[in-house]
Amino acid sequence: MDLIDRRLLNLMQKDASRTNADLAEEVGLSPSSCLRRIRRLRSTGIIDRIAAILNPTKAGRGLKAIVMVELERHGENHMNRFLNLAAAEPAVVQAYGVSGETDVVLMLRLADMEEFDVLRERLFKDETNVTRYYTKFVMRTAKDTTEMPL
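Presented here is an overview of the structure given in this document.

Procedures and definitions
Residues numbered from 1 in each chain as written. Predicted model: local features only at pLDDT ≥ 70, side-chain atom pairs only at ≥ 80, totals over all residues. Heavy atoms only, no water. Core = buried A, V, L, I, M, F, W, Y, C linked by side-chain atoms within 4.5 Å. Buried < 20%, exposed > 50% of the residue type's maximum accessible area, 1.4 Å probe, protein only. Helix = DSSP H or I, 4+ residues; strand = E, 2+ residues; numbered from the N terminus. Contact = heavy atoms within 4.5 Å. Expected span 1.5 Å × (residues − 1). Arc of directions from axis to C-beta. Polar contact = N/O pair within 3.5 Å; in protein donor to acceptor, adjacent residues only side chain to side chain.

## Description of the nonpolar core
1) Next: Residues Val69, Phe82, Val104, Leu106, Leu108 and Phe124 are the most contacted members of the largest nonpolar core, which totals 20 residues.
2) Next: Elements that contribute at least two residues to this core include exactly strand E1 (63-71), helix H4 (76-87), strand E3 (104-110) and helix H5 (113-123).
3) Next: When residues of this core are assigned to their parent elements, the largest contribution, 5 residues, is made by E1.
4) Next: In this view, Val104 contacts Val67, Met68, Val69, Leu71, Met79, Phe82, Leu83, Tyr96 and Val98; residues no more than four positions away in its chain are not counted.

## Notes on helix H1 (residues 3-14)
1) Next: Its 12 residues give H1 an end-to-end C-alpha distance of 17 Å, which sits within 8% of 16 Å, the value for a rise of 1.5 Å per residue.
2) Next: Those residues of H1 that fall on the buried side of the exposure criterion are Asp5, Leu8, Leu9, Leu11 and Met12. Seen from one end, H1 has its buried residues packed into an arc of 165°, which puts them on one side. Facing away from the buried side of H1 by more than 90 degrees, the exposed set consists of Leu3 and Lys14.
3) Next: The inward-facing, buried residues of H1 contact helix H2 (20-27) and helix H3 (31-43).
4) Next: For H1, the N-terminal capping position is held by Asp2, with its side-chain oxygen 3.1 Å away from the main-chain nitrogen of Ile4.

What follows is the structure, given as structure tokens:
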């Protein structure tokens, strides 16, 4: 990956809806050369996917919660079982197995507290191997981005 690839990726991270011609002009390439580079970045997996980023409030998902989960039983199988259960929930937008006192961290996007209550019943009952969980509701967001520095 060279400097032009990095510039293309930074531009696409900010706005992937830009036309190939716009991107090519911005990085000083012909449109055909630019398109070849973007196709290569996709085929090699550097570009994982291209998606629309929604405004959570306007999409009816204005409530954001962070949940730290402690599992009763540990080990790869127990961790994967819970992570798969969590990943199947539409309101779970990110799910991580982590190190430290907490075993799993979940990021939720919810319509309201009622939705959280229903989700809580499904994810944190006895049969799910959860011994304890802590929920933090986000009051302010200082930074929320999908961009990665290159």
